[in-house]
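Architecture at a glance
Read off the chains here:
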Amino acid sequence: LGRKLHLEPQTASWTPNQSVAIMSDEEDVPELSSEDLKFFKKRSMAASFLMAGPGEMPRRDVSEKRKRKLERKEREAAGEAEEPRQSKAWNDAQTLERRTGLPVKLADGTMKKMLRDTALPEVDPEAEHAAPLSDRQRKKVRMENNIARGKTAEQLAKEEEASAAAEEQRAAELVVEQEKQQAELAKKAELSPAAKKMALAELSMSVMRDPQKNIGALKSLDAYCNDKDLMIAKLAVLSMTAVLCDICPGYRIRLPTEKEKEMKVTKEVAAQRFFESAILNGYQKFLQVLEGCGRRGEDAALALDEANDTEGLQGSMLVVAVTGMARLLRKNLHFNFSKNIMQSMVRRVDSPIAMVRQVALQALHGLFKESGLNESVKDAVTLLAEVVKKKGRNIRPEVLECFLEIRITNDMLDGGSAKRKKGERDQEEEDMERDLEEGMATMKKADRKRIATAVLDAVLVAYFRVLKMDPVAPDLLPAVLKGLARFAHLININFFSDLLQAIKALVLADATGECALTAASAIHCVSAVFKCLKNQGEVWDLDLQDFFDALFQAIPRIAADPAGEADVGILIDSLKLSLYDLRQLSSDRVAGFVKRVFSLALHVPPSSAAALMSLARMLLTRYPKGIRLLDTDHACVGVYNADVANAELSNALASTAWEVHLLRRSYHPAARKAAAEVGNMGVEDRKDEDLFRNMVTVRAPEQLLKDYDSSKGGFAPPIQLPAAHPLRLLLARRARKDARKGTKPKEKDYTLFVSAPEKPSSFLASLSDRGRDRAVPRPVDEGKEGTLSALKWFDRVAHAHGRQTVLFEDGSRELPAAVVSTPPE
């Protein structure tokens, strides 16, 4: 290096047999400048051989990677197993999993996961997945441990005797406890009915007040369910149902295994385990009690049903038990034994007792309507499909109508929106979506698709079973066709051909008279076919003439059916699908349908008539050639044939829409205005936006049916009250004037009379005995009786003139300080 180095003795490497030249203090030691230090520091590895002794390797810095490699080689040489490498993210995920607690059901019904303050300790995987030891193996291990601790055989024998004595003592305590329970039952049997009712109330309130502390009261409530007094047993069933609906959690309880029971846990965990175990045992026993009570009370309930004793049937034990199970199913859907309750409900939907059948059907309707799609809904649909398969044509239509409450969309079957490319979404967005799904306790898209597919398959299989029955079951067809129209847009194209053939066979059988379909069933057939065509029928080249004819012939059947008013909404949907939404059709066919719609509007309520007018306006707007129906002075060829089955051959353009002119005189303002708007389509100004904005027929037909529906009573729109009578306003002004003055009105202060009209009235002249258009009252005596008689006379004359009866501020018909006198001569 061209320089002499000053080697410190402590840094030099030497041996006793080696001589080291040490520089004396007198010799000149070259001073190292900052540049020299910087130079050697930068090239320390190059000069490392100067620091090492003979036979030694120079020192060098070892990187972290090389250190791990050397450590791994040392472990392999020592025969030690290598520990698995775990990243920080893995450790954080494991810690989060051990911190995650059980979900909590909020007030709005949603589930929310909770996090513990501290994570649970790690569990040894080998110990967790090890097979549980049998009693013999456990005894052998205990003896080996005792021998290893230095215990003799005599000590072990004494311990065995002590454990056997303890077991005998526990058995004796159990017998004593059972005897106590029997004594309590005997004591309860001796109580009066009033005392038993009070005991039921106290037990129920104690459990609901503090469930964890008073959970043992469930046994006493369960004992009252088997009371000899039938009224007390019913009250106990109802009380137990209310208590269990209130205290049961919104998740499934998993009891600890034998190995988990041997583990040491905290007092809180032990108390929670005891509480959950007590709830689960009480819930199971109560369900068994309900099932037993239902089976024992079937004969009595059937006898009451045959005797038409509705009140007695409603209070029977069978109806009480089924009602309790239905309530538990709806409240504790996600709790244990929900599938067992479903099986009992599905078995009751075909009960010969109408009230029991109605309770079970309402429970299933509520399950399908409120809970959405989940595993419980899939289990219930599968059970109902099995009942349809087993019963065949003997199934009741109400069972098939349960499927209409199921809500399935295309997004559910597609698994949600289409997945983006891998590079479009970063990891942070995916983690955020995952956290949101966990926090909201939502179902994964793949699971939702699997459940929706299974539910739809079960429903369609049940429908196809009914359609392919030979001979056809006419009682089941309305429910099946309504369901097919409901789920037609979800049917796979592979099944469309079979569905079309089955429905076409029904339509042809109805046309030939082999199978009599109702008007609603025929419309549902057409609606199901056109819904399938709307979504995926473009690839099919089909002849739909038979379906158009069936729909055309079903329109007058609605007018002839007394209950056909409820089918107007279905008809409007079918006409929109077949004539407005699907494709372009001939004007002659559309005009034939519009002509029959006008005829139907004369035979339905005003709300339905207004909706039909709105539909006719939609069709005439799309097919302007049909407006010729509204013109009474147009040239035509041929004669209109109203009896033909084909709308295109009816030659409807050769007639006029005289029905619209009749509807313009309707008593209902909405129907009258809608008919006027349709009748003026040929002369209206289409550029006037204010005119179109205030039109009735611009609104959707479905909205008009809903807005002007008066089937539940009343009048829609409500009738406006007439204006206040002038005499009432006059009296009110005078009363206020007297109040300001502070004077008390006296009798004969006010004199009211009815003057003769300016023009003679022929109506009053015909009613009057004297033949004059002037009503002269009888003389009025002073006092209350004279006042009331004068009021009656005034009411009669006021109504004859189209006026309102005089009323006063307090709502009374009496005049406290006024007298009605005769008019002057």
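Treat the numbers as computed from the prediction; the structure is a model and nothing was measured.

Okay, the overall build of the protein next. Helix and strand counts for the protein come out as 35 helices and four strands. Considering only contacts within the protein whose residues lie at least 6 apart along the sequence, 68% involve residues at least 24 apart. Per element, the accessible surface of the protein, about 53,100 Å² overall, is 52% carbon and sulfur.

So, on to the pattern of salt bridges. On inspection of all chains with the given rule, the structure shows 16 salt bridges. The salt bridge partner of Arg699 is Asp707, with a shortest N-O separation of 2.5 Å. In this structure, a network of salt bridges that share partners links the residues Glu291, Arg295 and Arg347.

As for its position among the elements, Gln545 is in helix 25 (residues 545-560). Separated by 2.8 Å, the side chains of Gln545 and Asp549 make a polar contact. A distance of 2.6 Å separates a polar atom in the side chain of Gln545 from a polar atom in the side chain of Arg589. Leave out the neighbours within four places in its chain, and Gln545 touches Arg589 and Asn646.

Attention shifts here to the confidence of the model for the protein. Overall, the predicted model of the protein reaches an average pLDDT of 75, with 69% of residues at or above 70. Across residues 125-130 the pLDDT falls below 50, and counting only partners more than four positions away or on other chains, this stretch makes four contacts in the model. Low confidence marks residues 797-825, where pLDDT is under 50. Its contacts with residues over four positions away, or in another chain, come to 60 contacts.

Taken together, the side chains of Arg733, Arg734, Arg736, Lys737, Arg740 and Lys741 present a region of like positive charge at the surface. Within the secondary structure, Arg734 is located in helix 33 (residues 726-741). We classify Arg734 as partly exposed; its relative accessible area is 33%.

If you check helix 14 (residues 317-331), its first and last C-alpha atoms are 21 Å apart, about what 15 residues at 1.5 Å a residue would give, namely 21 Å. Most of helix 14 sits inside the fold, with 11 of its 15 residues counted as buried. Elements that come into contact with the buried residues of helix 14 comprise helix 9 (230-247), helix 11 (267-296), helix 12 (298-306), helix 13 (310-314), helix 15 (338-348) and helix 16 (354-370).

Turning next to the packing of helix 25 against helix 26 (residues 568-581). Contact pair helix 25 / helix 26: the axes reach a minimum separation of 12 Å and the direction vectors enclose 155°. By the criterion of interaxial angle, the relationship of helix 25 to helix 26 is roughly antiparallel. The two elements helix 25 and helix 26 meet at a crossing, and its hand is left-handed. Each of Phe548, Leu551, Ile555 and Ile558 in helix 25 lies in contact with helix 26, whose residues at this interface are Leu571, Ser574, Leu575, Ser578 and Leu579. Class assignment for the residues of the contact of helix 25 with helix 26 results in seven nonpolar, two polar and no charged.

Applying the stated criterion to the full structure yields six aromatic pairs. With a centroid separation of 6.5 Å and 45° between ring planes, the pair formed by Tyr667 and Phe715 is classed as tilted. With Tyr667 in the loop between helix 29 (658-663) and helix 30 (669-679) and Phe715 in the loop between helix 32 (701-707) and helix 33, this residue pair connects regions lying 48 residues apart in the sequence. On the basis of relative accessible area, Tyr667 is assigned to the exposed category, the value being 61%. Overall, the relative accessible area of 32% leaves Phe715 in the partly exposed class. Cation over ring: Lys595 sits above Tyr640, and NZ or CZ is 5.7 Å from the ring centre. Across from the ring centre of Tyr580, 5.6 Å away, lies the NZ or CZ of Arg622, which sits over that ring.

Conventions and cut-offs
Once a new chain begins, its residue numbering starts again from 1 and follows that chain's sequence as written. In view of the model being predicted, local features appear only for residues whose pLDDT reaches at least 70, and side-chain atom pairs are presented and counted only at 80 or more, with totals across whole chains, interfaces and linings using the full set of residues. In computing side-chain properties, one takes all heavy atoms of the structure into account and sets aside hydrogens as well as water. Numbering goes from the N terminus for both helices and strands, where a helix is a DSSP run of H or I of at least four residues and a strand is a run of E of at least two. Only heavy atoms matter for contacts: two residues are in contact if any of them lie within 4.5 Å across the pair. Here, Shrake-Rupley sampling with a 1.4 Å probe gives the accessible areas, and only protein chains in the shown set may cover a residue. Salt bridge, as used here: a side-chain nitrogen of Lys or Arg that lies within 4 Å of a carboxyl oxygen of Asp or Glu. Pairs of N or O atoms within 3.5 Å make up the polar contacts considered here, provided that, within protein, one atom can donate a hydrogen while the other can accept it, and that residues adjacent in sequence are counted only when both atoms are side-chain atoms. Each residue carries a pLDDT score, the predictor's confidence in it, ranging from 0 to 100. Each patch is built from residues lacking any salt bridge and having more than 30% relative accessible area; the joining distance is 9 Å for like charges and 5 Å for nonpolar side chains (Val, Leu, Ile, Met, Phe, Trp, Tyr). We score Asp and Glu as negative and Lys and Arg as positive, and we do not count His or the chain ends. Positions of charges follow a simple convention, taking NZ of Lys, CZ of Arg, CG of Asp or CD of Glu. Only protein chains enter the area calculation, which uses a 1.4 Å probe; residues under 20% of their type maximum are buried, those over 50% are exposed, and those in between are partly exposed. The length a helix should cover is 1.5 Å for every residue beyond the first. The angle between two axes is taken between their N-to-C directions and runs from 0 to 180 degrees, where each axis is a line fitted to C-alpha atoms and a helix contributes only its stretch in contact. Small angles under 35 degrees read as roughly parallel and large ones over 145 as roughly antiparallel, with 65 to 115 read as roughly perpendicular and the rest as oblique. In this scheme the crossing of two helices becomes right-handed for a clockwise turn of the near helix relative to the far one and left-handed for an anticlockwise turn of less than a right angle. For this scheme, ten residues count as nonpolar: Ala, Val, Leu, Ile, Met, Phe, Trp, Tyr, Cys and Pro. Four count as charged, namely Asp, Glu, Lys and Arg, and the remainder, Gly too, count as polar. Aromatic contacts are taken between Phe, Tyr and Trp rings whose centres are within 6.5 Å, Trp giving its six-membered ring; a plane angle under 30 degrees counts as stacked, one over 60 as edge-to-face, and the others as tilted. Look at NZ for Lys and CZ for Arg. If either is within 6 Å of the ring centre and within 35 degrees of the ring normal, a charge sits over the ring.

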